[in-house]
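# A look at the structure
Next come the chains, spelled out residue by residue.
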Amino acid sequence: MSKIPRHVTIIMDGNGRWARKKGLDRLYGHKEGVESVRAVTEFAAEQGIGFLSLFAFSEENWNRPNYEIMGLMELMIDAIAAETPTLMKNNVRFRVVGNLSKLSDTLKAKIGQTEKLSEQNNGLNLIVFLSYSGKWDLLQATGKYAHEVLKAKENNTSAPELTPDYFDTLLSTSGIPDPDLLIRTSGEQRISNYLLWQTAYTEFYFTDVLWPDFRKNDFQKALDHFSERERRFGKTGDQINNLN
Ligand code: FPP
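So, here is what we can say about the structure in this document. (Residues numbered from 1 in each chain as written. Predicted model: local features only at pLDDT ≥ 70, side-chain atom pairs only at ≥ 80, totals over all residues. Heavy atoms only, no water.)

## Quick notes on the overall build of the protein chain
To keep it simple, the criterion reads: Numbering goes from the N terminus for both helices and strands, where a helix is a DSSP run of H or I of at least four residues and a strand is a run of E of at least two. Put simply, the radius of gyration uses C-alpha atoms, and a globule should come to 2.2 Å times the residue count raised to 0.38. For each residue, the accessible area found with a 1.4 Å probe, counting protein chains only, is set against the maximum for its type, and the residue is called buried under 20%, exposed over 50%, and partly exposed in between. Only heavy atoms enter the contact rule, under which two residues are in contact if any of them lie within 4.5 Å. Here the open area of atoms and residues is found with the Shrake-Rupley method and a 1.4 Å probe, where only the protein chains shown may cover a residue. As used throughout, the charge tally considers Lys and Arg to be positive and Asp and Glu to be negative, leaving His and the chain termini uncounted. Lysine's charge is taken at NZ, arginine's at CZ, aspartate's at CG and glutamate's at CD.
From N to C terminus, the protein chain includes 8 helices and 6 strands. Secondary structure elements of the protein chain, listed N to C terminal, follow the sequence β-α-α-β-α-β-α-β-α-α-β-β-α-α. Expected size for 244 residues packed as a compact globule is a radius of gyration near 18 Å; at 19 Å, the protein chain falls within 12% of this value. When its C-alpha atoms are laid out on the principal axes, the protein chain stretches across 60 × 50 × 35 Å. Expressed as a percentage of the 244 residues in the protein chain, the buried residues total 44%. A sequence separation of at least 24 residues applies to 76% of the contacts in the protein chain between residues at least 6 apart. Surface accessibility of the protein chain: about 13,100 Å² in total, with carbon and sulfur atoms responsible for 51%. For the protein chain, the centre of its 30 positive side-chain charges and the centre of its 32 negative side-chain charges are spaced 1 Å apart.

This is the structure in structure tokens:
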């Protein structure tokens, strides 16, 4: 029996190198990367994966050349517009997580429309991390807690106890289960300020395949790897297998 992860998250990397190898502009790599997004979304739905999340643009990516940022944002607007009917047909719920204040009004509007339209869908949850960083998320959650503490002081009550479960509710990923499997393409083996808190027990899978080349067979290999892993969450193997 193969184990299917509930939440798979992907750091899509290598678009620029893919384009360079072909003598093309980096934007062609991102364009082909959208084809990979379509393929993995289809595959995740077919496999009965509950949550598929994709790291599409980090806070640090705002430092890229302006033409690349503009090109990527346009690509996202076009991709969301073009794919929304397919997402609806396939019962996919679409959500975007990140520091959205920095996005253009057009992109924010497009995101809002598709999120609202797909809100009641109960098949695959597709989450796109945009303008996101793990440190940003931890800081905004900490800010919320500081606010709770001040409010409690003013009202002469006590602030909620700061437990891991409570902190989860303050993160921008509140309500989304932690990833079981993280895939990073292009041979890099770093977390790059992605989901820092949420990947405490996540299995990591690295592949040399560049994102624009990543297709269903590559996704299947990552799932096979996951299926072979034994996740212990700090316990012994015997405890996990109920042998003691
Ligand atoms: C990393 O490759 C890729 C990105 C920063 C952008 C990924 C975004 C997409 C594929 C568009 C997604 C669209 C939707 C709607 C989810 P890189 O440019 O860092 O590659 P390099 O390391 O080879 O330079």
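## Brief notes about helix H3 (residues 66-89)
Stated precisely, the cut-off is as follows: To estimate the expected span of a helix, count its residues, drop one, and scale the result by 1.5 Å. Two axes enter the definition of the bend at a residue: one is fitted to the seven residues ending there, the other to the seven starting there, and the bend is the angle between them.
Taking 1.5 Å as the rise per residue, H3 with 24 residues should run 34 Å; its terminal C-alpha atoms sit 35 Å apart, in good agreement. Of all the bends in H3, the greatest reaches close to 45° and is centred on glutamate 83; the proline proline 85 follows between one and four positions later. By the burial criterion, the buried members of H3 are Glu68, Ile69, Gly71, Leu72, Met73, Leu75, Met76, Ile77, Ile80, Glu83, Thr84 and Leu87. Where H3 is buried, its residues contact helix H2 (26-47), strand S2 (51-58), strand S3 (93-97), helix H4 (105-117) and strand S4 (125-132).

## Remarks on the layout of surface pockets
Empty space among the atoms can be located by rolling a probe the size of a water molecule over them. Note the cut-off: Each cavity reported here is a set of points on a 1 Å grid over the protein atoms alone in which a 1.4 Å probe fits but cannot get out, each pocket an open set with protein on both sides within 12 Å along at least five of seven lines, and each lining residue one with an atom within 4 Å of a point. Grid points are joined across faces, edges and corners, and a volume is the space filled by probe spheres set on the points. All amino acids are sorted into three groups, where Ala, Val, Leu, Ile, Met, Phe, Trp, Tyr, Cys and Pro are nonpolar, Asp, Glu, Lys and Arg are charged, and the leftover types, Gly among them, are polar.
A volume near 1,000 Å³ is recorded for the largest pocket. Looking at the largest pocket, it is lined by 45 residues, and the ones nearest its centre are Met12, Val37, Phe55, Ala56 and Trp211. Elements that contribute at least two residues to the lining of the largest pocket include exactly helix H1 (15-21), H2, S2, H3 and S4. Residue composition of the lining of the largest pocket, grouped by class: 21 nonpolar, 12 polar and 12 charged.

## Comments concerning the packing of H2 against H3
To be explicit about the condition: Inter-axis angles, ranging from 0 to 180 degrees, are taken between N-to-C directions of lines fitted to C-alpha atoms, where helices are fitted over the stretch in contact. Just so you know how the angles are binned, under 35 degrees is roughly parallel, over 145 roughly antiparallel, 65 to 115 roughly perpendicular, and the rest oblique. A clockwise turn of the near helix away from the far one marks a right-handed crossing, whereas an anticlockwise turn of less than a right angle marks a left-handed crossing.
Two elements in contact, H2 and H3, have axes separated by 10 Å at closest approach and are oriented at 25°. As far as their axial angle goes, H3 and H2 are roughly parallel. In the crossing of H2 with H3, the sense of the turn from one axis to the other is right-handed. Contacts between H2 and H3 involve Arg26, Leu27, His30, Lys31, Val34 and Arg38 on the former and, on the latter, Tyr67, Glu68, Gly71, Leu72, Leu75, Ala79 and Glu83. Of the residues contributing to the contact of H2 with H3, the split by class is 6 nonpolar, 2 polar and 5 charged.

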